[in-house]
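Single-letter residue listing:
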Amino acid sequence: MLEDIREKAEVPLSVQSLRFLQLELSEMEAFVNQHKSKAIKRQTVITTMTTLKKNLADEDAVSCLVLGTENKELLVLDPEAFTTLATMNLPSVPVFLEVSGQFDVEFRLAAACRNGNIYILRRDSKCPKYCIELSAQPVGLVRVHKVLVVGSNQDSLHGFTHKGKRLWTVQMPAAILTMNLLEQHSRGLQAVMAGLANGEVRIYHDKTLLNVIRTPDAVTSLCFGRFGREDNTLIMTTRGGGLIIKILKRTAVFVEGGGELGPPPAQATKLSVPRKTRLYVDQTLREREAGTAMHRTFQTDLYLLRLRAARAYVQALESSLSPVSATAREPLKLHAVVQGLGPTFKLTLHLQNTSTARPILGLLICFLYNEALYALPRAFFKVPLLVPGLSYPLETFVESLSDKGISDIIKVLVLREGQSAPLLSAHINMPVSEGLAAA
């Protein structure tokens, strides 16, 4: 029966019952006779503590003690009789607690646990209401107004809402050792303090750095509040056992961005998103209702576009309008360059044999142009032997005859001797002759 309780029941066994299950059969009877008259108690260890106002939010009002225990429970104790007012269960052992509100009215409790999650509990809830999953183990938890600031062992601070939405992330220059809240009542300021392993104490308001305090040793604990007659006092203990006390001047003002340069202020500016018009709402409803038909229409148009492009490509190959030959027997590539301002232009044709080992012989170059606009010394000439892999520059001159500032296209055809169909061609858009236009 005890083994079934240990495996299936939600309530853990007591230390006596666990010890009993580890004994041999011959030792069990003596163990029962020894402890049968003693009351069974489940003792646990406190892992974290905090306080919760009972019914008033005043600074000197009565507070309840909130305990986190090793057996994954949260206990709220009565401030007078020290009886348990509420018990809440968690999926893991809590290590940091943050509480807001009053116990008799409404309160919200955040518990960072060893499994790397933060659980949010509210009044009259036995189990967590929200869960914040972290990418690393938490090393500190501070509540600043309505934002939960979490320090992780990846040297970073994260800001979350109580529903688990991440607001911002700030990277630290060293590992975070301790965190606490800085609250300046006279100016209504709340900020988070983070003690780092490099001997710095950084103060942040949201993700904005307010100040950096450098200490001779790494700070392991922080506390800010009233000390003697001073309302704003910071007390720090160091790793080597030192105690540091700093008093904030009453005229001191924290300036945002005074510590170091951060992201530009425009980055945090919210965009002015226009309101949704009636046309936009109607269009959204139309897309929601006729989404399938609209998608089919889009796909049909896309297929037609691909078909037209394929047909145009085939037509260009068949009529040799491409500067690259598509036949394997005549692997050629043609590139034309026009130089000059006019009225005389230099036209250079770069013809290349793209085959791997076979030279090409017996090719002709032919120019087709408007004889009223242009004059060429040679409109038809032979091409020398083309060695594979080399680009042969073939130069000629073009003279512009028009003084009206107009231009035309010159077609270049590459032919095989004895064949009328061109192997490939290029269309050259001639520039306007600037010499005749100026004259």
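Everything that follows concerns the structure shown earlier in this document.
First, a word on scope: everything that follows refers to the structure included in this document. (Residues numbered from 1 in each chain as written. Predicted model: local features only at pLDDT ≥ 70, side-chain atom pairs only at ≥ 80, totals over all residues. Heavy atoms only, no water.)

## Quick notes on the environment of E230
1) Next: Note on placement: E230 falls in strand 18 (residues 230–238).
2) Next: Accessibility expressed as a relative area gives 22% for E230, which makes it partly exposed.
3) Next: Note: C-alpha distance between E230 and R250 (20 residues apart in sequence) is 9.1 Å.
4) Next: When residues no more than four places from it in sequence are discounted, the contact partners of E230 are G225, I247 and R250. (Helix = DSSP H or I, 4+ residues; strand = E, 2+ residues; numbered from the N terminus. Buried < 20%, exposed > 50% of the residue type's maximum accessible area, 1.4 Å probe, protein only. Contact = heavy atoms within 4.5 Å.)

## Side note on the pairing of strand 13 (residues 176–184)
1) Next: As defined by bridge partners, strand 13 adjoins strand 14 (residues 189–196) across 8 bridges and the pair is classed as antiparallel. Pairing of N180 across the sheet is with M193, part of strand 14.
2) Next: The antiparallel pairing of strand 13 with strand 14 creates a hairpin that spans 4 residues between the two strands, and G188 there sits at a positive phi of about 65°. (Pairing = 2+ DSSP bridges.)

## Structural notes on the pairing of strand 7 (residues 117–122)
1) Next: Within strand 7, 5 of the 6 residues are buried, which leaves the element mostly enclosed by the surrounding structure.
2) Next: The pairing of strand 6 (residues 106–113) with strand 7 spans 5 bridges and is antiparallel. Looking at the pairing, A110 lines up with I120 of strand 7.
3) Next: Hairpin connection between strand 6 and strand 7: a loop of 3 residues separates the two successive antiparallel strands, and G116 in this loop has a positive phi of roughly 85°.
4) Next: As defined by bridge partners, strand 7 adjoins strand 8 (residues 130–133) across 4 bridges and the pair is classed as antiparallel.

## Comments concerning the nonpolar core
1) Next: Counting residues in hydrophobic clusters, the biggest one holds 27 residues, and the most contacted among them are L349, I365 and F367.
2) Next: Secondary structure elements with two or more residues in this core: strand 20 (332–339), strand 21 (344–353), strand 22 (363–368), strand 24 (380–383), strand 25 (391–400), strand 26 (409–416) and strand 27 (424–429).
3) Next: Looking at this core, the element that brings in the most residues is strand 21, giving 4 residues.
4) Next: Contact partners of F367, with chain neighbours within four places excluded, come to L347, L349, L376, R378, A379, F381, T396, I410, K411 and V412. (Core = buried A, V, L, I, M, F, W, Y, C linked by side-chain atoms within 4.5 Å.)

## A short note on the packing of helix 2 (residues 15–22) against helix 3 (residues 25–35)
1) Next: Close contact between helix 2 and helix 3 brings their axes to 10 Å; oriented N to C, the two are set at 160°. Classed by the angle they form, the pair helix 2 and helix 3 counts as roughly antiparallel. As for how helix 2 packs across helix 3, the hand of that crossing is right-handed. Here helix 2 contributes Q16, R19 and F20 to the contact with helix 3, which in turn contributes M28, F31, V32 and H35. (Axes fitted to C-alpha atoms, helices over the stretch in contact; angles between N-to-C directions. Parallel < 35°, antiparallel > 145°, perpendicular 65-115°, else oblique. Left-handed = near helix turned anticlockwise from the far one by under 90°.)

## Considerations on a nonpolar patch on the surface
1) Next: Together, F227, L243, I245 and I247 give the surface a local cluster of nonpolar side chains, amounting to about 400 Å² of exposed area.
2) Next: Here the element with the most residues in the nonpolar patch is strand 19 (residues 243–247); it accounts for 3 residues.
3) Next: One can find F227 in strand 17 (residues 219–227). (Patch = residues over 30% accessible without salt bridge, like charges linked within 9 Å, V, L, I, M, F, W, Y side chains within 5 Å. Areas by Shrake-Rupley, 256 points an atom, 1.4 Å probe, with all protein chains shown as cover. Salt bridge = Lys/Arg side-chain N within 4 Å of Asp/Glu carboxyl O.)

## Things to note about the sheet that holds strand 25
In a beta sheet, neighbouring strands are held together by backbone hydrogen bonds and run either parallel or antiparallel to one another.
1) Next: One open sheet holds the 4 strands; their spatial order is 20-21-25-23, and the pairing between them is antiparallel. Among the strands making up the open sheet, the edge pair consists of strand 20 and strand 23 (374–375).
2) Next: Judged from the 2 bridges that link them, strand 23 and strand 25 form a sheet pairing that is antiparallel. Opposite Y374, over in strand 25, you have S400 as the bridge partner.

## Some points on unusual backbone geometry
1) Next: The backbone phi angle of F82 is positive, close to 55°, even though this residue is not glycine.
2) Next: Looking at where F82 falls in the secondary structure, it is placed in the loop between strand 3 (73–77) and strand 4 (84–89).
3) Next: Despite not being glycine, D155 shows a phi value in the positive range, around 60°.
4) Next: Here D155 lies in the loop between strand 10 (147–152) and strand 11 (156–160).
5) Next: Given the relative accessible area of 23%, D155 is considered partly exposed.

## Focus on the side chain of S355
1) Next: Its location among the elements puts S355 in the loop between strand 21 and strand 22.
2) Next: One polar contact links S355 to N353, side chain to side chain, over a distance of 2.9 Å.
3) Next: Here R358 takes part through its backbone oxygen, which lies 2.8 Å from a polar atom of the side chain of S355. (Polar contact = N/O pair within 3.5 Å; in protein donor to acceptor, adjacent residues only side chain to side chain.)

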